[in-house]
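Take a look at the letters that make up each chain.
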Amino acid sequence: MRHQSPPSFTFQPVLTRLCGQLVAHSDWAKVLAVIAPVGYGKTVLLAQLHAHLASEGEDAVWISVDERMSRTEQLIGVLLHELQASRAALDPAQALLSGNKPLDQSIDAVLDALERRPRRVTVFLDNLDGCVDPGLGSLLQALVFRSSPHARFVWSSTSEVPADLARAQLEGLARRIGFSDLSMDARETGELLGSDLAGRIGQSGVDAVQIRTEGWPAAVRLAHLVLVASEHPETSLHAFSGSDEDLAAMLNKALLKGFSPGLHDFLLCLSLLRTFGLALCRHAIDAADAQEHLEFLQQRNVFIVPLDRNRQRYRLHGLFREYLSGQAALHVSPLRREEVWRRASEWCERAGDWHDAIEYAMAAGDLQRASRLLESSARHFVRENGDIPQFVTWVDTLRNAKAEVGWDTHYWYVWAFVFQRRYERALQQHARLVERFDAQSDAPGRPADLKQRVQHLRICIDYFSDRLNDAERGVEAWVSEHRATSPYGVASVGCIKSLCLASNFHFEQAWKTMRATQPVLLEIDGADMVGWISLIHSVLMAYEGDFARAQAEVLSGLQGAQQRLGEGAVLCGMMSAVAALCAVNLGQFPQARALLQPALRTAASNLDLMACALEAALALWTGEDDELISLDHLRRVAAPYPPRLSAMFSCYLVRRLLELGRPADAAAEGERIGLPADWSTDNPAAQAIVPRLRDLYAMASIELLLAAGRHKRADELATREYRTAKDEGRAARLVEIGLLRAAIAHQQEDDSAASRAMAGALSRAARRGIVRPFEMHAQLLAGLMNAGKISAWSFALAEERTFFQALCTKLGIGEASASPAKDTPPAAETPAAAPTAREAELLRLLEMGLSNQEIADRTEVSVSTIKWHLKNLYRKFGVSSRTAVIARARSLSPAPAPTPANGTAAARRTSNQV
């Protein structure tokens, strides 16, 4: 895709009073909206302003909107191309988990690109009415009201644009320029007519032209063309009115009448072409004198506009082409028109202009040729160029006409729906492709690798549409058949399988799959492969609850990916989502908020990675919407994905509303998705959903039951979920459930059970730095501390005591029990008999009165292992009971000196670490 530039005019544009004012005072409003009918010199004005900024060394971007940008996504693609360096095309496997962005996130990408410009930039959007898509309004609203202060816009249109210009004018952001501002006065009319003609008709004649044309620049130019060729311009002037009807009549009678039949035919055929150059004209129109005709039209200024400074490409003025097209339909035979389009298609194909080549073939009715061109360029339109809607339209046109489409066209047609997140349509078309594949097994020209690509495509559809079990089975089948083929395919299916397993909480298998996939990823020569390794590793760690390690992994990978791919890359946004979730759980809220902005802006096709961003966003939500976090916006982010993401969002919201003390709102949100409910693993309904969602349903149900005072039922669910989470190895969830069990016990006035559950949660959290869940239960923790039920001395390991004290400092809880008991015995005189660290931890837990099962739960080992350690302690200390081993241990080892819980430097350092 070439960068665009303003047209170069064959005539010397008149410096109008309006243009002079804008050039003299270039501190314009944020938006200059030039809205006037055809022929008022809008493009000329914009080109002059662009040239002025360029001469001043200012940053200016030019985009001419035409019929190839009829959809907002196409216009956004060109905007991004002009605003940022273009990147290499991706293989579908490399593009895994990214996909095409929804409109709002594509708009955010434009805003981000504008924000990153190093200085003020002016974006010129000429002929905005060429974009007829309803989404244009969303783009323009964002450019006007949400873009960077150092970005400004000049746009032109023949009709009203879908932006709130009235509001923008009231806020001083916009200036509207209409036809009255663009109309020429007598001086400007005389300049456009030229000194020779103006001298022949005199000032009265110039005034008459200005009055009769009402200053309409197109009509003034037509008057010039007509009068300059007349022997008696004063007489011809009396027959000229400047009306629409008169323009057509004058074009026919006065202007075209004087052209030779060859030139007249050349012009009519020229109107069939969107843009043209000498070589195209010679081939398409088959005119040997094409060069002479073009030179004549340029010399006479007959509404022909050069599109580049070298004057190699042109277009006809819209008004002129519209008139000529109507004449061509009447006076050029269908066979001749089809021949021009067919030959134009041939020339564009050789020039690599696939879009125009296909369009001309379609116009000529040559569907076989159009099908062949699509087969050659399908990847270009779907994956590289991103013009997916146009590609789908072309294919639908061919199929509706019963024309055969090629294998690659059919394959990329399915991919087009995947990238648009139209997964049901993708599944339907994939089934048709498979049916065709099976029915035409010996068809000539079928790509040798099509079978593996089609199978790989189905895996991607299943994964993106949240059919995780189907995707996992598809991976197994694909690997068994195609392991030694495409490295991209092997890498992508490995990533998919790892993420499927992680969503199902099968972590050991997920890690095993990643260990097998990682060497393939590293062998691929792609800047994003190392980033994918970091991303998936961090996802596995975060799902397991090891947020500190996950954060270190993902932030390291994010830094490298930003350097290699740019901060706006989709991969960087997905990594930011995981990093934001880690930061939230580690209590680093400012950092989480900074990471959240790119995470929400990036439209990852991966549902679970977007879920990370939504979970982090709701954890930071204060109950009031702000510029970054708004419930309506977050719901819109979730809406295009499969239904699981919206359900997960509701679960996150229920829990956050309860945390904010809004139980009625939480209950209402829960009712929307049928909570509270029994989502046990043996419930048939639960077995049909992804374990990660089942887990969220269960947690939200427990918290709703607890808020409603249904303690017994809440405790039953919590006990069951505790066992499930332990079996699945999810430490973070065990911390949360432990806190819920502590809250349930406290409400049942069993503070001993509450303190044991709280201590267990703190012990697990200390090993991974998990802070966030304790915020919701800070009051309970403070109450247990004040009642003497829990203190730093409830923990066996120094890291647990350090974490506990730092957590108390962070939550603003004064620890009353920071000092050891007065009756702590002196240090043992026989250091050789002192217990090991593991034995010391076990002794502390014995002192708390925990059973073997409770100790096993706290230390995450089996009961048999605990019994084995106890036997070793009994043997080591020469005792035979729990009471005796505790007494013997006290006589051998002193309690460690406490870390002050006040504002000492050491305490502050520990708090910062948390």
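Residues numbered from 1 in each chain as written. Predicted model: local features only at pLDDT ≥ 70, side-chain atom pairs only at ≥ 80, totals over all residues. Heavy atoms only, no water.

Chemist: Looking at this structure, I do not really get the packing of aromatic side chains. What am I missing?
Modeler: A ring pair, where both rings are aromatic, is described by two values, the distance of the centres and the angle of the planes. This structure, assessed with the given rule, holds 13 aromatic pairs. Taking 4.9 Å as the distance between ring centres and 75° as the angle between the ring planes, the aromatic pair formed by Tyr-413 and Phe-417 counts as edge-to-face. Residue Tyr-413 and its partner Phe-417 are both found in helix H21 (residues 407-419); the two are separated by four residues, about one turn of the helix. Pairing Tyr-463 with Phe-464 gives two aromatic rings, centres 5.9 Å apart and planes at 55°, and the pair type is tilted. Each member of the pair Tyr-463 and Phe-464 is classed as buried. Over the ring of Tyr-641 we find Arg-421; its NZ or CZ atom is 4.4 Å from the centre of that ring. (Phe/Tyr/Trp six-rings, centres within 6.5 Å; stacked < 30°, edge-to-face > 60°. Helix = DSSP H or I, 4+ residues; strand = E, 2+ residues; numbered from the N terminus. Buried < 20%, exposed > 50% of the residue type's maximum accessible area, 1.4 Å probe, protein only. Lys NZ or Arg CZ within 6 Å of the ring centre and 35° of its normal.)

Chemist: I would appreciate a short explanation of the side chain of Arg-768 in the present structure.
Modeler: Note on placement: Arg-768 falls in helix H39 (residues 751-768). A relative accessible area of 16% places Arg-768 in the buried class. Within the local environment of Arg-768, its side chain forms a polar contact with the backbone oxygen of Arg-764, the two atoms lying 3.5 Å apart. Those residues in contact with Arg-768 that lie beyond four places of it in its chain are Gly-545, Asp-546, Phe-547, Ala-548, Leu-586, Ala-731 and Glu-860. (Polar contact = N/O pair within 3.5 Å; in protein donor to acceptor, adjacent residues only side chain to side chain. Contact = heavy atoms within 4.5 Å.)

Chemist: Please explain the sheet that holds strand S5 (residues 174-177) as it appears in this structure.
Modeler: In a beta sheet, neighbouring strands are held together by backbone hydrogen bonds and run either parallel or antiparallel to one another. Sheet architecture is open: five strands sit in the order S2-S3-S4-S1-S5, paired in parallel fashion. Since the sheet does not close on itself, it has two edges, and those belong to strand S2 (59-64) and S5, each with one partner. Averaged over all pairs of adjacent strands, the angle between their axes in this sheet comes to 10°, without regard to strand direction. Note that S2 and strand S3 (residues 121-126) share six bridges and pair parallel. Pairing of Asp-59 across the sheet is with Val-121, part of S3. (Pairing = 2+ DSSP bridges. Axes fitted to C-alpha atoms, helices over the stretch in contact; angles between N-to-C directions.)

Chemist: Which parts of the structure should I look at to understand the pairing of strand S1 (residues 31-35)?
Modeler: Note on strand geometry: in a regular strand, side chains alternate between the two faces of the sheet. Burial runs high along S1: five of the five residues are buried. Bridge analysis of S1 against strand S4 (residues 151-157) gives five bridges, and the strand direction is parallel. Residue pairing across strands places Ala-33 opposite Trp-155, the latter belonging to S4. Sheet topology places S1 next to S5; four bridges connect them, and they run parallel. Bridged to Val-31 within S5 is Ala-174.

Chemist: Please clarify how helix H38 (residues 731-747) should be interpreted in this entry.
Modeler: One full turn of an α-helix is made of 3.6 residues, so residues set three or four places apart face in the same direction. The end-to-end C-alpha distance of H38, which contains 17 residues, comes to 25 Å, matching closely the 24 Å that a straight helix rising 1.5 Å per residue would cover. Most of H38 sits out of view: 14 of its 17 residues are buried. Positive phi appears at Glu-749, one or two residues downstream of H38, with a value of about 65°. (Expected span 1.5 Å × (residues − 1).)

Chemist: What am I meant to see in the pairing of S3 here?
Modeler: Most of S3 sits inside the fold, with six of its six residues counted as buried. Residues Val-121, Val-123 and Leu-125 line one face of S3 and the alternating positions Thr-122, Phe-124 and Asp-126 line the opposite face, and both faces are buried. Relative to S4, S3 runs parallel, the two sharing five bridges. When the sheet's bridge partners are listed, Leu-125 is paired in S4 with Trp-155. With helix H5 (residues 136-145) bridging S3 and its parallel neighbour S4, the resulting β-α-β unit is right-handed. (Right-handed = clockwise from strand over helix to strand, strands pointing away.)

Chemist: What am I meant to see in the environment of Leu-139 here?
Modeler: Position of Leu-139 among the secondary structure elements: in helix H5. Taking the C-alpha atoms as reference, Leu-139 lies 8.5 Å from Leu-103; in sequence the two are 36 residues apart. What Leu-139 contacts, discounting residues up to four positions off in sequence, is Thr-72, Leu-75, Ile-76, Leu-79 and Ile-107.

Chemist: Which parts of the structure should I look at to understand the pattern of salt bridges?
Modeler: Where side chains of opposite charge bring their charged atoms close, a pairing between them can arise. Counted by the stated rule, this structure contains 47 salt bridges. For Glu-346, the salt bridge is made with Arg-342, and the minimal N-O distance between the two is 2.5 Å. Of the two residues, Glu-346 and Arg-342 are both situated in helix H17 (residues 334-351); the distance of four residues between them amounts to about one turn of the helix. A salt bridge links Arg-644 to Asp-608; its shortest N-O distance comes to 2.9 Å. (Salt bridge = Lys/Arg side-chain N within 4 Å of Asp/Glu carboxyl O.)

Chemist: It is not clear to me how the side chain of Thr-189 should be interpreted in this structure. Could you clarify?
Modeler: Here Thr-189 is to be found in helix H8 (residues 186-193). By relative accessible area, which is 0% here, Thr-189 ends up buried. At 2.8 Å, the side chain of Thr-189 and the backbone oxygen of Asp-185 are in polar contact. In this view, Thr-189 contacts Met-184, Val-206, Val-209, Gln-210 and Val-220; residues no more than four positions away in its chain are not counted.

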